[in-house]
Amino acid sequence: MISVQEAIDIVLNQTTVSTPETVSVLEAGSYILAEDVYSDIAMPPFDKSTMDGYALRAEDVANAPAILEVVGVIPAGSFPVFEIRAGQAAKIMTGAPIPSGANAVQIVEKTEALENGKVRVLAQIAPRKNISPQSEILRVNEKVLPRGTYITPAVIGVLAAVGKDRVEICRRPRVAILVTGDELVEIDQKPQAGQIRNSNGYALYHQVRGCGALPEPLGIAPDQRNILSAGIEKGLKCDVLLISGGVSKGDLDFVEEVFAQLEVTAFFDAVNIKPGKPTVFGKKADALVFGLPGNPVSASTIFEVLVKPALRKMMGFAQYQNLRLTATAANDFDSKTRRENYTPAWTFIKDDKLYTELLSSRGSSDILAFAWSNSFAVIPGERQQIQRGDAVKVVLRDEFWVTNK
Ligand code: AMP
Ligand code: MG
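Residues numbered from 1 in each chain as written. Chains lettered and ligands numbered in written order. Predicted model: local features only at pLDDT ≥ 70, side-chain atom pairs only at ≥ 80, totals over all residues. Heavy atoms only, no water.

(A) How the structure looks around the environment of Ile-125. Assignment of secondary structure puts Ile-125 in the loop between strand 9 (118–121) and strand 10 (131–132). Ile-125 sits 62 residues away from Asn-63 along the chain, and the two C-alpha atoms are 9.9 Å apart. What Ile-125 contacts, discounting residues up to four positions off in sequence, is Leu-56, Ala-58, Val-61, Ala-104, Val-105, Gln-106 and Asn-130. (Helix = DSSP H or I, 4+ residues; strand = E, 2+ residues; numbered from the N terminus. Contact = heavy atoms within 4.5 Å.)

Okay, structure coming up:
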């Protein structure tokens, strides 16, 4: 049986960065840029006023107050064709081009408009003041964003400013989700004797989407080799196939057998982790295949630990893993396993310090304990007891960032 770290390394080794795809800039947020982006314009495109006021020659107001002749008005969006000569000024708005001859803008608050087409400038001003020179922010043909950039709202603003309405991002992997088990019924049905609802298909769907990848649900396959095989073959057309259930040692756990028939190369089928030990990982051509245990907490935990890093690598991220930090245990906890324990935890910030409450759970089917958690506390196999005040490793899921105020 391999360690959790060995499993992560194997998965990431088998994962390659996706080819680029072109999307609208409106769809590009939170993905990784797959091309270098150059500017087709200078910014600002001309010497620009950063204030409402009067464009003038600084030397004319060196002994302010001074009276100047107003020879024009320049709103933003217009382009002045006249020149400012000695003793002249033009009224100018923020964002408007500086007329030739002027070398400063005095703000309107430091002027008084006079009736006869003149203005009294009340204070002197240094040359270049309140003017943003052409190309100050960026030059024509300048590389403004390198490939590999994470696309934040601010980056979207840059893309929009340089006219990139379509951008190349690392392709979003298509992730097929196949759930298996004779006991499963869809969620709009009332389970009859011996049946349960398919909750994994829905939880996994949103985990995939939360990573920015594209989930493709394939429905429920019963525990029959031929139907399972057909479902898996269909799923192998996607970049990643997630199967839930059928990977344990029960009489009807056929997933590994069908993998072998379909010539899926299996890299491991047991990981020293709790929950999620019977996880299977394989590959056929370029498609990655994860056989996740059917217990809901196991499936979701293995998604966070093994599947999400692979999806993030495919999408070009430099950081694959959830953030791992050290927190102080807020309670005593008994690990009850010799495997590396990823136990549901509520991690929180108090007085600028990180604490974690290790949640009591009835095990890998306790979907409520898991739903109340925002992180995992990771307890090494050799450690059994956690005492309040102990340092504990925590893995922060996305939930942590929105549940901590
Ligand atoms: P298995 O891995 O197939 O042995 O399933 C382990 C446990 O998880 C069993 O109690 C199943 O009923 C349960 N289970 C399997 N698939 C799902 C599913 N899609 N949604 C909820 N529970 C499931
Ligand atoms: Mg089953």
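(B) Spotlight on the site of ligand 1. Close to ligand 1 lie 17 residues; Glu-183, Asn-198, Ser-199, Gly-246 and Gly-294 are nearest. Contact between ligand 1 and Ser-199: a nitrogen atom at 3.1 Å from a main-chain N or O atom of the residue. Against a free-state accessible area of 490 Å², the protein chains account for coverage of 79% of ligand 1. Secondary structure elements with two or more residues in the shell around ligand 1: strand 13 (174–180) and strand 15 (196–197). Grouping the constituent residues of the shell around ligand 1 by class yields five nonpolar, 10 polar and two charged. (Near = heavy atom within 4 Å. Polar contact = N/O pair within 3.5 Å; in protein donor to acceptor, adjacent residues only side chain to side chain. Areas by Shrake-Rupley, 256 points an atom, 1.4 Å probe, with all protein chains shown as cover. Nonpolar A, V, L, I, M, F, W, Y, C, P; charged D, E, K, R; others polar.)

(C) Structural view of the packing of helix 3 (residues 200–210) against helix 6 (residues 296–314). Their axes nearest at 10 Å, the elements helix 3 and helix 6 cross at an angle of 15 degrees. In terms of orientation, helix 3 lies roughly parallel with respect to helix 6. In this structure, helix 3 meets helix 6 at a crossing whose hand is right-handed. In this structure, helix 3 uses Asn-200, Ala-203, Leu-204, Gln-207 and Val-208 to contact helix 6, whose residues at the interface are Pro-296, Ala-299, Ser-300, Phe-303 and Glu-304. (Axes fitted to C-alpha atoms, helices over the stretch in contact; angles between N-to-C directions. Parallel < 35°, antiparallel > 145°, perpendicular 65-115°, else oblique. Left-handed = near helix turned anticlockwise from the far one by under 90°.)

(D) Examining the pattern of salt bridges more closely. Considering all chains together, one arrives at 14 salt bridges under this definition. Ionic pairing is found between Glu-59 and Arg-57, a salt bridge with its closest N-O pair at 3.8 Å. A relative accessible area of 48% places Glu-59 in the partly exposed class. One network of salt bridges, in which partners are shared, links Arg-57, Glu-59 and Asp-60. (Salt bridge = Lys/Arg side-chain N within 4 Å of Asp/Glu carboxyl O. Buried < 20%, exposed > 50% of the residue type's maximum accessible area, 1.4 Å probe, protein only.)

(E) A look at the nonpolar core. In this structure, Leu-242, Phe-290, Leu-306 and Leu-311 are the most contacted members of the largest nonpolar core, which totals 57 residues. Sorting elements by how many residues they give to this core places helix 6 first, with 10 residues. Counting residues in hydrophobic clusters, the runner-up holds 19 residues, among them Leu-228, Leu-236, Phe-254 and Val-264. (Core = buried A, V, L, I, M, F, W, Y, C linked by side-chain atoms within 4.5 Å.)

(F) Fine view of the sheet that holds strand 5 (residues 66–74). Reading across the sheet, the six strands line up as 7-4-6-5-9-8 and stay open at both edges, with mixed pairing between neighbours. Every other strand in the sheet has two partners, leaving strand 7 (104–107) and strand 8 (111–113) as the edge strands with one partner each. Strand after strand, the sheet turns through a mean of 40 degrees between neighbouring axes, direction not considered. (Pairing = 2+ DSSP bridges.)

(G) Seen up close, a nonpolar patch on the surface. A contiguous nonpolar surface patch, about 230 Å² in accessible area, is contributed by Ile-41, Met-43 and Ile-137. Assignment of secondary structure puts Ile-137 in the loop between strand 10 and strand 11 (143–145). (Patch = residues over 30% accessible without salt bridge, like charges linked within 9 Å, V, L, I, M, F, W, Y side chains within 5 Å.)

(H) Broad picture of the packing of aromatic side chains. Enumeration according to the criterion identifies nine aromatic pairs in this entry. On the numbers, 4.9 Å between centres and 90 degrees between planes, the contact of Phe-400 with Trp-401 is edge-to-face. One aromatic cluster is present, formed by Phe-267, Phe-268, Phe-281 and Phe-290 through successive ring pairs. The ring of Tyr-31 has Arg-172 lying over it, and the distance from NZ or CZ to the ring centre is 5.4 Å. (Phe/Tyr/Trp six-rings, centres within 6.5 Å; stacked < 30°, edge-to-face > 60°. Lys NZ or Arg CZ within 6 Å of the ring centre and 35° of its normal.)

(I) The arrangement of the side chain of Asn-404 in detail. By the element assignment, Asn-404 lies in the segment after helix 8 (398–403). A distance of 3.2 Å separates the side chain of Asn-404 from the backbone oxygen of Thr-347, its partner in a polar contact. Sequence-distant contacts of Asn-404, that is, excluding residues within four places in its chain, are made with Thr-347, Phe-348, Ile-349 and Asn-374.

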